[in-house]
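Chain by chain, the residues run as shown.
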Amino acid sequence: MFDRAIVRLLPAVPRPVVRKLSERYIAGPELKDAREAVRSLNAEGKAATIDVLGEEIRTEEEAAAIVRAYLDVFADIERCGLDSGVSVKVTGLGLKLGYELCRDNLRAVVEDAASRGNFVRIDMEDSSTTDDTLRLYRELREEAHDNIGVVLQAMLRRTASDIAALRDLKPSVRLCKGIYLEPADIAYQEYEAVRASYIRALEALLDAGSYVGIATHDEWLLGEAGRIVVERQLGRDEYEFQMLLGVRPRRGEQLVREGHRLRIYVPFGRHWYEYSLRRLQENPSIAGYVATDTLGRLLGKNGA
Ligand code: FDA
């Protein structure tokens, strides 16, 4: 209960404190920071997906700036020979400003990626964007853009039917639990129900011949997914595990040692706040950190 209360209080925590607490989850403000993070990950045998932070955009110009930032990322990946794709958010590409605008922006990113042999994963945001995100994915695939993948969230009750509806596209899917708070009529609320849904979705995607990015740090899910890929005798290039920068890095190293492909999600940029809050909300130790920090500030020890 204490943990949940602290998590609800997080938005009230001063930004400098949030920034300090979330440093481990973000490569830094600049492209060079992402480049260095990806270089180190590649040296450890891990692939990456770079995310330009910026979901809180308000104007077409801001969305265009995000597009340009991705084009810079592709050029940098190519120039430096990095093993990395990118992840994009449709809100960052202007979905809330207009569907067509967002589709044009997404197409520009995907076409530039294709010209450099790169790949674009469309992150899945809250449920108000699910229909549009899946529609954008389908429209671009039907325009013969194959260097593109999508994300499905195990917590959403609709995911089983989304998998069935996408089957004809044999989609590349990142499967995650889902981070956004969603109401009970559309999303499983209990921890075990989300886990069970995750395994059902993983089996259904593999049955459909999809390449799955198994995105989780949950020890039980990692074990079950490992068992499933062995049972199905999947080769190393037929699936991958995915983790977030700064979360369970030792466990990631173990996956690599065991011979699995592993991709790390590397966010960078100046718009770090929203992403940081989401990561902190999931960190089991956050209550302790925030309490210590708050106490420190109350006692005038760190003046943040
Ligand atoms: P769970 O939250 O149960 O965590 C399992 C364990 O991992 C915890 O007990 C703890 O030990 C550790 N852990 C998890 N988060 C931590 C943190 N922040 N700090 C410290 N330890 C932590 N969601 C979404 O809605 N749309 C998306 O597009 C994506 N994309 C995405 C990409 C990748 C590569 C990953 C790994 C995850 C996402 N997610 C996402 C987030 C995902 O939906 C989910 O919220 C988180 O992965 C946490 O869920 P777990 O499966 O890790 O389990």
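Some remarks on the site of the ligand
- The local shell around the ligand holds 27 residues, among which Y25, G178, Y191, T216 and E282 are the closest.
- One of the backbone nitrogen or oxygen atoms of G178 is found 2.7 Å away from an oxygen atom of the ligand.
- The contact in question runs from an oxygen atom of the ligand to an N or O atom on the side chain of H217, over 2.8 Å.
- Burial of the ligand by the protein amounts to 87% of the accessible area it has alone, namely 940 Å².
- Comparing atom positions with the cavity grids shows the ligand to sit within the largest pocket.
- Listed by contribution, the elements that provide at least two residues to the shell around the ligand are β4 (148-153), β5 (173-176), β7 (239-244) and α11 (273-282).

Observations concerning the sheet that holds strand β1 (residues 47-52)
- What the 8 strands build is a closed barrel, ordered β1-β2-β3-β4-β5-β6-β7-β8; its pairing is parallel. Taking the axes of each pair of neighbouring strands and ignoring which way they run, one obtains an average angle of 30° across the sheet.
- Of the pairings in the sheet, the one linking β4 to β5 comprises 4 bridges and is parallel in character. Paired with V150 across the strands is V173, a residue of β5.
- Along the sheet, helix α9 (residues 219-231) contacts β6 (212-215) and β7; its crossing angle with β7, the most-contacted strand, is approximately 165°.

Some points on the layout of surface pockets
- Volume-wise, the largest pocket comes out at about 1,800 Å³.
- Looking at the largest pocket, it is lined by 46 residues, and the ones nearest its centre are G178, I179, R278, R279 and E282.
- Of all the secondary structure elements, the ones that give two or more residues to the lining of the largest pocket are α1 (2-9), β4, β5, α8 (191-207), β7, α11 and α12 (286-298).
- Ranked by residue count, the leading element in the lining of the largest pocket is α11, at 5 residues.
- Residues belonging to the lining of the largest pocket are distributed by class as follows: 22 nonpolar, 9 polar and 15 charged.

Observations regarding the nonpolar core
- Counting residues in each nonpolar core, the largest one holds 76 residues, and the members touching the most others are V88, I214 and V266.
- In terms of residue count, helix α4 (residues 60-80) provides more of this core than any other element does, 8 residues in total.
- Beyond its immediate stretch of four places on either side in the chain, V88 contacts Y70, L93, L106, V109, V120, R121, I122 and D123.
- If you look at the next biggest cluster of nonpolar residues, it comprises 16 residues, including V17, V18, L244 and W272.

Quick notes on the rules
- Residues numbered from 1 in each chain as written.
- Predicted model: local features only at pLDDT ≥ 70, side-chain atom pairs only at ≥ 80, totals over all residues.
- Heavy atoms only, no water.
- Near = heavy atom within 4 Å.
- Polar contact = N/O pair within 3.5 Å; in protein donor to acceptor, adjacent residues only side chain to side chain.
- Areas by Shrake-Rupley, 256 points an atom, 1.4 Å probe, with all protein chains shown as cover.
- 1 Å grid on protein atoms, 1.4 Å probe; cavity = no way out; pocket = protein on both sides within 12 Å on 5 of 7 lines; lining within 4 Å.
- Sits in = over half its atoms within 2 Å of the grid points.
- Helix = DSSP H or I, 4+ residues; strand = E, 2+ residues; numbered from the N terminus.
- Pairing = 2+ DSSP bridges.
- Axes fitted to C-alpha atoms, helices over the stretch in contact; angles between N-to-C directions.
- Contact = heavy atoms within 4.5 Å.
- Points joined across faces, edges and corners; volume = space filled by probe spheres on them.
- Nonpolar A, V, L, I, M, F, W, Y, C, P; charged D, E, K, R; others polar.
- Core = buried A, V, L, I, M, F, W, Y, C linked by side-chain atoms within 4.5 Å.
- Buried < 20%, exposed > 50% of the residue type's maximum accessible area, 1.4 Å probe, protein only.

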